[in-house]
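Residue-level listing of the chains:
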Amino acid sequence: MLRQFGPGLVTGAADDDPSGIATYSQAGAQLGCAGCWILLLCYPMMVATQEISARIGRATGGGIVAALRTRYPRWVVYLVVAMIAFANTVNLGADLGAMAEVSRLLIGGPRLAYAALFGTLCAGLLIRLRLRLYVRFVKWAALSLSVYVLAAIHAASSWNALPRLPAPSISLDRSSIVMLIVAVMGTTISPYLFVWQSSLEGERACGMPSLRERDAAVVAGEEARRIRADTCAGMAVATIVAYAVIVTAAWTLHAAGITAVETTAQAAEQLRQLAGPLTHVLFSLGILATGLLAVPMLAGSAAFAVGEALGWPVGLARMPNEAPAFHGCILAATAAGIVMNIFGANAMRALLWSAVINGVLAAPVLVAMMLVATRRETMGWLALSPVLTMLGWATAAVMAAAALTLLVILGP
């Protein structure tokens, strides 16, 4: 069964990066358990959008940006890619900063050295491991995300909060709306996730049976079932981890009257004081594990987007000498993230703006995806079902409404 999981599980496991953990921690501290219901609303939208992007990758043998490049003017594609690359790089730098700060709290040492070390390690994992080895590594590394579930259980037992269930209600004040839109819309449904899963599916499709041969209908049916199972599992992992982080913060920080969390390191330190060293260690190890999963994905998705837009040879299966520009882009994005930490950029402000960019960009990218995915001549036997089509357009509408709401609230 594990062999059926690949790009979807990789994307879901890497979705809860340290910046996402910081946002979920802030949501739990600020809103308590009241905001957990939004994750249930997001799960079907996450599955729909990621399955659509995966189908595009499998049907076309390339990523979303490559598909958009054949249908839209170059300047439109370049603008979208520039925004994705910027948001990814900012997010990557914030993730490296969170990993470095947590390492400093756990074992001491210079923060910048840790940022450079983790950046080099993550880039090395992506470049040196071939595609199959990297996917296998992430599958097993995803098990480390269970520490957040353990932290939630331990925090609940420490605070006698386990019997309480999250209430399906939330206040509609400005700060709550901004937190939910940033925490959920900007973190769980983002263009870089579409790019990553579609590109991995496209790369996986190389050497596999064509969907236009005599038995294409049979192959497409098998692939559609695999993609759906893979995507559902990956998005379930992402949702469960997000839920565990929110309730951990709600049952400890919010219960103690702490409603503001500036960084993941601050959240970990406050958990140590409130719920004991075990919860602190579990939470901190989870940040390191999610960083090792997410930083390569952020750098890789930026490289895929830029490479596909410019027509470069791309792919994790290619050696550096076979795709030097693609691998150089991975190194450049990682180096830019390290430099962010050298200049002491405000991590939370950077995360806010990357989430805003992702939230605003998601709606037009989803519309462009749907226009590609609903063309039978492009998708062949992997054409979308009516239900998946409806979910895709509904998600695009929800993301557009969320982006407009966020812009109005953050406006002058």
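Our subject is the structure that appears above.
In this report, the structure presented in the accompanying data block is examined. It should be emphasised that the depicted structure is a prediction, and the values quoted were computed from it without experimental measurement.

**Comments concerning the overall build of the protein chain**
- Scanning the protein chain from terminus to terminus reveals 17 helices and zero strands.
- By residue count, 58% of the 412 residues in the protein chain fall in the buried class.
- For the protein chain, the exposed area adds up to about 16300 Å²; of that, 68% sits on carbon and sulfur atoms.

**Some points on the pattern of salt bridges**
- With the rule as written, the count across this model stands at nine salt bridges.
- Measuring nitrogen to oxygen at the nearest pair gives 2.9 Å for the salt bridge that ties glutamate 201 to arginine 226. Taken together, the residues glutamate 201 in helix H10 (residues 191–205) and arginine 226 in helix H11 (residues 216–254) connect sequence positions 25 residues apart. Note on accessibility: glutamate 201 and arginine 226 belong to one class, buried.
- Each of Arg58, Glu201, Arg204, Glu223 and Arg226 takes part in a single network of salt bridges with overlapping partners.

**Here's the deal with the nonpolar core**
- Among the nonpolar cores identified, the biggest contains 117 residues, and Tyr148, Trp196 and Phe283 are the most heavily contacted of them.
- Not counting residues up to four positions away in its chain, the partners in contact with tryptophan 196 are Val10, Thr11, Leu126, Tyr134, Pro296, Met297, Gly300, Ser301, Phe304 and Leu316.
- Ranked by size, the runner-up nonpolar core spans five residues in total, among them Ala27, Leu31, Ile38 and Leu180.

**Topic: the packing of aromatic side chains**
- By the definition in use, this model includes three aromatic pairs.
- Summarising the aromatic geometry, the rings of tryptophan 196 and phenylalanine 304 are spaced 6.1 Å apart at their centres and angled 65 degrees between planes, so their arrangement reads as edge-to-face. Taken together, the residues tryptophan 196 in helix H10 and phenylalanine 304 in helix H13 (residues 277–310) connect sequence positions 108 residues apart.
- Classification of phenylalanine 304 by relative accessible area gives buried; the value is 1%.
- Taken together, Trp196, Phe304 and Phe326 form an aromatic cluster joined through their ring pairs.
- Over the aromatic face of tyrosine 72 sits the side chain of arginine 71, whose NZ or CZ is 5.8 Å from the ring centroid.

**Focus: a nonpolar patch on the surface**
- Taken together, Leu106, Ile107, Val281 and Leu285 make up a surface patch of nonpolar side chains, about 340 Å² in accessible area.
- Within the fold, isoleucine 107 resides in helix H5 (residues 74–107).
- Relative accessible area serves as the criterion here: at 67%, isoleucine 107 is assigned to the exposed category.

**Considering the packing of helix H6 (residues 111–128) against helix H14 (residues 324–342)**
- Their axes nearest at 10 Å, the elements H6 and H14 cross at an angle of 165 degrees. By the angle between their axes, H6 is roughly antiparallel relative to H14. Regarding H6 and H14, the two cross each other, and that crossing is right-handed. Where H6 abuts H14, its residues Arg111, Leu112, Ala115, Ala116, Gly119, Ala123, Leu126 and Ile127 lie against His327, Ile330, Leu331, Thr334, Ile338, Asn341 and Ile342.
- In terms of residue class, the contact of H6 with H14 is made up of ten nonpolar, four polar and one charged.

**Observations concerning the environment of aspartate 15**
- Note on placement: aspartate 15 falls in helix H1 (residues 7–15).
- Since its relative accessible area comes to 0%, aspartate 15 is described here as buried.
- Along the sequence, aspartate 15 and alanine 238 sit 223 residues apart, while their C-alpha atoms lie 6.1 Å from each other.

What counts, and at which threshold
- Residues numbered from 1 in each chain as written.
- Predicted model: local features only at pLDDT ≥ 70, side-chain atom pairs only at ≥ 80, totals over all residues.
- Heavy atoms only, no water.
- Helix = DSSP H or I, 4+ residues; strand = E, 2+ residues; numbered from the N terminus.
- Buried < 20%, exposed > 50% of the residue type's maximum accessible area, 1.4 Å probe, protein only.
- Areas by Shrake-Rupley, 256 points an atom, 1.4 Å probe, with all protein chains shown as cover.
- Salt bridge = Lys/Arg side-chain N within 4 Å of Asp/Glu carboxyl O.
- Core = buried A, V, L, I, M, F, W, Y, C linked by side-chain atoms within 4.5 Å.
- Contact = heavy atoms within 4.5 Å.
- Phe/Tyr/Trp six-rings, centres within 6.5 Å; stacked < 30°, edge-to-face > 60°.
- Lys NZ or Arg CZ within 6 Å of the ring centre and 35° of its normal.
- Patch = residues over 30% accessible without salt bridge, like charges linked within 9 Å, V, L, I, M, F, W, Y side chains within 5 Å.
- Axes fitted to C-alpha atoms, helices over the stretch in contact; angles between N-to-C directions.
- Parallel < 35°, antiparallel > 145°, perpendicular 65-115°, else oblique.
- Left-handed = near helix turned anticlockwise from the far one by under 90°.
- Nonpolar A, V, L, I, M, F, W, Y, C, P; charged D, E, K, R; others polar.

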